[in-house]
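# Observations on the three-dimensional arrangement
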Amino acid sequence: MIFSAQSKAFALLLSVGLVAGCSSTGGTSEDGGEFGSDVSAVDQEGGSTVYGGDDQSGVSSSAMTEEERMAAREQAEQQALREITVFYFDFDTAEIKQEARDVLVAHARFLANNPGQNVRIEGHADERGTKEYNLALGERRANAVQRFLIVNGASRGQLETVSYGEEKPAVMGSSESAWAQNRRVELVFE
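All residue numbers refer to position in the chain's written sequence, counted from 1. Under the rules for a predicted model, residues below a pLDDT of 70 receive no local features and side-chain atom pairs below 80 are neither given nor counted, while totals for whole chains, interfaces and linings still include all residues. Hydrogens and water molecules were not included; the side-chain quantities draw on all heavy atoms of the structure.

Selection rule: UniProt positions are given in the numbering used here, feature names are shortened, and annotations may be inferred rather than shown by experiment.
With an unreviewed UniProt entry as reference, the protein is termed Peptidoglycan-associated protein, source organism Marinobacter maroccanus. UniProt annotates the protein under Subunit (unreviewed entry) with the comment "The Tol-Pal system is composed of five core proteins: the inner membrane proteins TolA, TolQ and TolR, the periplasmic protein TolB and the outer membrane protein Pal. They form a network linking the inner and outer membranes and the peptidoglycan layer." Under the Sequence similarities (unreviewed entry) heading, UniProt states for the protein: "Belongs to the Pal lipoprotein family."

In structure tokens:
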């Protein structure tokens, strides 16, 4: 394919314009110039300062020690885990699933650190089985969660267990999906 001299000149002109538009003036913030940004340059320790408002007060990440950053991260992770308050069980068991253990440990730590906080542990079952059997199964599930919380730091006085059996389904229906969502324990913080 042959390009005309006119299209080559246009391409060259476009390239020069692009390079000129992207070039730097060579100035730095150390030259005393202001760049109009709300974020200052990263300092030697890797922190930065974010400014807000007209008074130019800001928050510096370099002001936090590494231990403070780790503690803040841990606290945020624990808070996120504590937002989970429903725990599911396999058919006809009261065994706490592995994936629920870290979340329950976060709840136990929270209760240990907040002795005035109480929680009601509600055990549930799906509709299969007799009413009496499902009440007993819901109670076994609630008691399993209660024991786990106590072993991990919660006080027995903070915990109340109740079983609803099949009386309060989360999902109506007679399918495996509905049954799986009804085999649960719910933590209700009071």
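### A few points about the pattern of salt bridges
Should their charged atoms come close, side chains of opposite charge can pair. This is how it is decided: Salt bridge, as applied in this entry: a Lys or Arg side-chain nitrogen positioned within 4 Å of an Asp or Glu carboxyl oxygen.
The tally for this structure, following the rule as stated, stands at eleven salt bridges. Lysine 97 is paired through a salt bridge with aspartate 90; the nearest N and O atoms lie 3.3 Å apart.

### A short note on the packing of aromatic side chains
We apply this condition: Only the six-membered ring of Trp is used, alongside the rings of Phe and Tyr, when aromatic pairs are assigned; centres must lie within 6.5 Å, and planes under 30 degrees apart are stacked while those over 60 apart are edge-to-face, with the rest tilted. Each helix is a run of DSSP H or I of at least 4 residues and each strand a run of E of at least 2, with the numbering of both proceeding from the N terminus. Type-normalised accessible area, obtained with a 1.4 Å probe on protein chains alone, sets the label of each residue: buried when under 20%, exposed when over 50%, and partly exposed for intermediate values. By definition here, charges over rings are those cases where NZ of Lys or CZ of Arg is within 6 Å of the ring centre and within 35 degrees of the ring normal.
Counted by the stated rule, this structure contains one aromatic pair. Taking 6.1 Å as the distance between ring centres and 75 degrees as the angle between the ring planes, the aromatic pair formed by phenylalanine 110 and phenylalanine 189 counts as edge-to-face. Taken together, the residues phenylalanine 110 in helix α3 (residues 98-113) and phenylalanine 189 in strand β6 (residues 184-189) connect sequence positions 79 residues apart. Among the residues examined, phenylalanine 189 registers a relative accessible area of 27% and is labelled partly exposed. Arginine 82 extends its terminal NZ or CZ atom over the ring of phenylalanine 110, reaching a point 3.5 Å from the ring centre. Cation over ring: arginine 128 sits above tryptophan 179, and NZ or CZ is 3.9 Å from the ring centre.

### Description of the nonpolar core
Note the threshold: Among buried residues, those of type Ala, Val, Leu, Ile, Met, Phe, Trp, Tyr and Cys that are joined through side-chain atoms within 4.5 Å constitute a nonpolar core. Throughout, a residue-residue contact means that at least one pair of heavy atoms, one from each residue, lies within 4.5 Å.
Ile96, Leu104, Ile121, Val145, Leu149, Leu159 and Leu187 are the most contacted members of the largest nonpolar core, which totals 20 residues. Counting only elements with at least two residues in this core, the list comes to α3, β4 (119-124), α4 (131-151) and β6. In terms of residues, this core owes the most to one element, α3, which gives six residues. Not counting residues within four places of it along the chain, the set of residues in contact with isoleucine 121 comprises Ala142, Val145, Gln146, Leu149, Leu159, Glu160, Thr161, Val162, Val185, Glu186 and Leu187.

### A few points about the sheet that holds strand β5 (residues 159-165)
Where strands meet in a sheet, backbone hydrogen bonds hold them as pairs that are either parallel or antiparallel. This is how it is decided: Here the rule is simple: two strands pair whenever DSSP picks up at least two bridges between them. Angular values range over 0 to 180 degrees, each being the angle between N-to-C directions of two axes fitted as lines to C-alpha atoms, with helices fitted over their stretch in contact.
One open sheet holds the four strands; their spatial order is β3-β6-β4-β5, and the pairing between them is mixed. Looking at strand neighbours, the two that pair on one side only are β3 (86-88) and β5, the edges of this open sheet. Pairs of neighbouring strands in the sheet enclose a mean axial angle of 20 degrees, with direction left out of account. In this structure, β4 lies alongside β6, joined through five bridges in antiparallel fashion.

### Regarding unusual backbone geometry
The residue aspartate 92 is not glycine, and still its phi comes out positive at about 60 degrees. Secondary-structure assignment places aspartate 92 in the loop between β3 and α3.

### Re the pairing of β6
The pairing of β3 with β6 spans three bridges and is antiparallel. Bridging across to β6, valine 86 finds its partner in glutamate 186.

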